Amino acid sequence: MTARYPDRAKLVFSDGVRSSVVPLLSSRPQTVGSDPENAIPLSAPGVADHHCVLIPCAQGHRLVALESFDALCVNGRVTREVLLRPFDRLRIGSAEAIYLPPHADPQELTGVFSRPCGRTQSSPDPDTSRLRQRLLWLLLMIQEVPPGANVSPVLELVFDELLHWTDCDGLFLFVRSGSAEQRELELRRAHRAAPTLDRSRVHAELAPAVARAIERGTPEVGLCPLDEYDAALYLPLTRGGGWLERRLRPRVDVEGALVLTQAQGAPSVGDEELELLEALARQVGVLLGNARLYRLATRDPLTGLACRRSGYAALRAELQHALDQDQPLTCLFVDLDDFKRINDTLGHPTGDRVLQAVARALESALRAEDMVCRWGGEEFLVLLPGTPAESARIVAEKLRAAGRGVYPAQGQPPVTFSIGLAACPDESLRTPDDLVQRADLAMYHAKRAGKDCVVAFSPALADLGQAYLGCAPPADGAEGPAWVLECAWFPPLRLGQGSWRLGRSPENDVVLNHASVSRRHGQLVVDRAGKLFYLDASTNGSTLNGEPLRDAVRVRSGDTLRIGPFEIRVRYDDGKGDDEANSTWIQRADEQERERLARKTTTNRERPPSGAIPAPVF
């Protein structure tokens, strides 16, 4: 098989049982798809008629998607265009293939797709290189690591195998970290390093040589700056190249290098083994890049906690498990009290540091199996699997105590939490949104109860709903005569001349958060004469003194306006606290209203009937 195509790159397809070799042309592009007219016909589920095309270039082949949409992956990443490197793993629809360089032997890959990679594997065939066979197993094993998996055990196994099969004494992993403008080399791992070495000396002496190796972009055996070793093999995690390769390189690739050190002599590897080592180092870079990309997609960049998407996915899985197994699950909704004041008085950088400190405090107060995520802004969601409501309240109090250990600045009071608690199993609770809404509702009642407390959800809370002021009232009603709205769910609100919107939407001046309240339920208006009117704009309607009303109505002192479950008592205050004067003003306003209506009625009676109006003359 090797003798037939000694000077061509190849694609080795495998279905786990059989492998087939497809030689690639270096003179013209070759299309891949399910249509038999393609240069490489491929009949497999998920393969489009004209799926992709392989375009030869000086560096090898470029893979360009045609009709593949998201069914074209290289090394586990969906791609539209990429420059293939030796031993890259392709997924075309449901078919898998390995891209081989021209001199590689496809027989070495036969059966490796389905062969385990443990060290207890039987010895390779005597006519093939043991090092080359082992490197192929490691290469394919790295490519099979799923996204989100813990890469530390995989790297430990790979590094053990590399040292075992190359007879090297130590291995160091360097990775560039930091911003794009100032990226510094960081020593991530020192595997089986000499006991006399410390990380600071390794970084100081090896970093310049590693930086030069990364710039070259090719593996190289050279002297080792460390006194404990004679030579080192530098393996960059990304290969250098021209402008085309740099443009096609995924931006999430990790820059760095593997350094294999040997105490006596230099590592002895052939050209083919060196190419495999280069491909293996590149796959380590892909693995680290995938892990970093997964972390960026699932973690909050400021606090390092799980983001809302990850938290919701965990909540959905934990809730399903709790319902299936009839196990308790408690959700805590944690909100920082007066966080806006911290941002306004101390600045947003201080607010960011407070959020980071709060995240560390919450994590330190929870078990390993618990989960905390940043839900949004200064709100955090905590999941307590296997914890009933009684025990969860103890955990919530522990979180409150942890928060009191965070101080925004010297001389400032500590951070406090308002925590809402909701637990299952519950017959009426079936979706993650139900559990979050209950915990959120309990948290709002904790705010109303004076903040810095824990409130557990109960059906009575759902009946009462929530209300709060969305906007501060204007200064017109701060002093002097004003109408006063009194309700059990928000502080007394003084209304001077102007208008105020009421409803469930947060944009309203008075937010009445209940399902029976419309988003823009109605509007209170105080005219220039000091009279109060209510304009109803809801679908469910409102009542005034128990009578249903629609459209606009005059509201008088002592009336009771009911919107959904909220009962709002209205009274007039002249600003002097004189109830007799208030009643006198009300009587005078009523007399003026009656006189106006009487004048209007008299005027209507004096008008001639419509039939007496002369017809217009044209």
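For the structure, check the block above.
Note that the coordinates shown come from a computational prediction; the quantities given were computed from them, not determined experimentally.

Each value, and the rule that gives it
Residues numbered from 1 in each chain as written. Predicted model: local features only at pLDDT ≥ 70, side-chain atom pairs only at ≥ 80, totals over all residues. Heavy atoms only, no water. Axes fitted to C-alpha atoms, helices over the stretch in contact; angles between N-to-C directions. Helix = DSSP H or I, 4+ residues; strand = E, 2+ residues; numbered from the N terminus. Parallel < 35°, antiparallel > 145°, perpendicular 65-115°, else oblique. Left-handed = near helix turned anticlockwise from the far one by under 90°. Contact = heavy atoms within 4.5 Å. Nonpolar A, V, L, I, M, F, W, Y, C, P; charged D, E, K, R; others polar. Pairing = 2+ DSSP bridges. Buried < 20%, exposed > 50% of the residue type's maximum accessible area, 1.4 Å probe, protein only. Arc of directions from axis to C-beta. Expected span 1.5 Å × (residues − 1). Phe/Tyr/Trp six-rings, centres within 6.5 Å; stacked < 30°, edge-to-face > 60°.

**Focus: the packing of helix 2 (residues 151-166) against helix 5 (residues 271-298)**
Part 1 of the reasoning: It is the contact of helix 2 with helix 5, at a shortest axis distance of 11 Å, that shows an interaxial angle of 165 degrees. When the axes of helix 2 and helix 5 are compared, the pair comes out roughly antiparallel. As for the relative orientation of helix 2 and helix 5, their crossing is left-handed in sense. Listed contacts from helix 5 to Val151, Val154, Leu155, Val158 and Leu162 of helix 2 are Leu277, Leu280, Val284, Leu287, Leu288 and Ala291.
Part 2 of the reasoning: Class assignment for the residues of the contact of helix 2 with helix 5 results in eleven nonpolar, no polar and no charged.

**Some words on the sheet that holds strand 19 (residues 379-385)**
Part 1 of the reasoning: The five strands lie next to each other as 18-19-17-20-21, forming an open sheet whose pairing is mixed. Each edge of the open sheet carries a strand with a single partner, namely strand 18 (371-376) and strand 21 (454-456). With strand direction ignored, the average angle separating the axes of adjacent strands in the sheet is 20 degrees.
Part 2 of the reasoning: Of the pairings in the sheet, the one linking strand 17 (residues 329-336) to strand 19 comprises seven bridges and is antiparallel in character. Along strand 19, the bridge assignment pairs Thr330 with Leu384.

**Concerning unusual backbone geometry**
Part 1 of the reasoning: Non-glycine residue Arg192 carries a positive phi angle of around 55 degrees.
Part 2 of the reasoning: With respect to the secondary-structure elements, Arg192 resides in the loop between strand 13 (183-191) and helix 3 (199-216).
Part 3 of the reasoning: Positive phi outside glycine occurs at Asp452, with the angle close to 50 degrees.
Part 4 of the reasoning: Of note, Asp452 is situated in the loop between helix 10 (432-448) and strand 21.
Part 5 of the reasoning: A relative accessible area of 25% means that Asp452 is categorised as partly exposed.

**Observations concerning helix 7 (residues 339-346)**
At 3.6 residues per turn, the α-helix brings residues three or four places apart onto the same side.
Part 1 of the reasoning: Among the residues of helix 7, those classed as buried are Phe339, Ile342 and Asn343. Mapping the buried residues of helix 7 onto a view down its axis gives an arc of 95 degrees, with all of them on the same face. Within helix 7, the exposed residues directed more than 90 degrees away from the buried face are Lys340, Asp344 and Thr345.
Part 2 of the reasoning: The elements touched by buried residues of helix 7 are strand 17 and helix 8 (348-364).

**Regarding helix 6 (residues 308-325)**
Part 1 of the reasoning: Helix length check: helix 6 (18 residues) gives 25 Å between terminal C-alpha atoms against 26 Å at 1.5 Å per residue, within 8%.
Part 2 of the reasoning: Three or more residues of helix 6 are buried, namely Ser310, Gly311, Ala314, Leu315, Leu319 and Ala322. The buried residues of helix 6 occupy one face: seen down the axis, they fall within an arc of 160 degrees. Every exposed residue of helix 6 that faces more than 90 degrees away from the buried side is listed here: Arg309 and Asp324.
Part 3 of the reasoning: Buried residues belonging to helix 6 abut helix 5, strand 17, strand 18, strand 19, strand 20 (417-424) and helix 10.

**Describing the pairing of strand 19**
Part 1 of the reasoning: The element strand 19 is extensively covered by neighbouring structure, given that six of its seven residues are classed as buried.
Part 2 of the reasoning: Across five bridges, the pairing between strand 18 and strand 19 is antiparallel. Within strand 19, the residue paired with Gly376 across the bridge is Glu379.
Part 3 of the reasoning: The antiparallel pairing of strand 18 with strand 19 creates a hairpin that spans two residues between the two strands, and Gly377 there sits at a positive phi of about 60 degrees.

**Some points on the packing of aromatic side chains**
Part 1 of the reasoning: Within this structure, the stated rule accounts for two aromatic pairs.
Part 2 of the reasoning: Seen in terms of ring centroids, Phe172 and Tyr229 are 6.4 Å apart; in terms of plane orientation they differ by 80 degrees. Their pairing is edge-to-face. Placement of the pair is Phe172 in strand 12 (residues 170-178) and Tyr229 in the loop between strand 14 (220-223) and strand 15 (231-236), with a sequence separation of 57 residues.
Part 3 of the reasoning: Judged by its relative accessible area of 0%, Phe172 is buried.
Part 4 of the reasoning: Judged by relative accessible area, Tyr229 falls into the buried class, the value being 6%.
Part 5 of the reasoning: Consider the rings of Trp483 and Tyr572, whose centres lie 5.3 Å apart with planes at 70 degrees: the pair is edge-to-face. Remark: Tyr572 occurs in strand 33 (residues 566-573) and Trp483 occurs in strand 23 (residues 482-487); sequence separation between them is 89 residues.
Part 6 of the reasoning: Look at Trp483 and you get buried, because its relative accessible area is 3%.
Part 7 of the reasoning: Look at Tyr572 and you get buried, because its relative accessible area is 7%.

**Points about the sheet that holds strand 30 (residues 547-549)**
Part 1 of the reasoning: Strand order across the open sheet formed by six strands is 24-23-33-32-29-30, with antiparallel pairing between neighbours. Strands with a single pairing partner mark the edges of an open sheet, and in this sheet they are strand 24 (490-495) and strand 30. Strand-to-strand twist in this sheet, taken as the mean axis angle between neighbours without regard to direction, amounts to 30 degrees.
Part 2 of the reasoning: Both strand 23 and strand 33 contribute to a ladder of five bridges, which runs antiparallel. Residue Glu486 lies in a different strand from strand 33, and its bridge partner there is Arg569.

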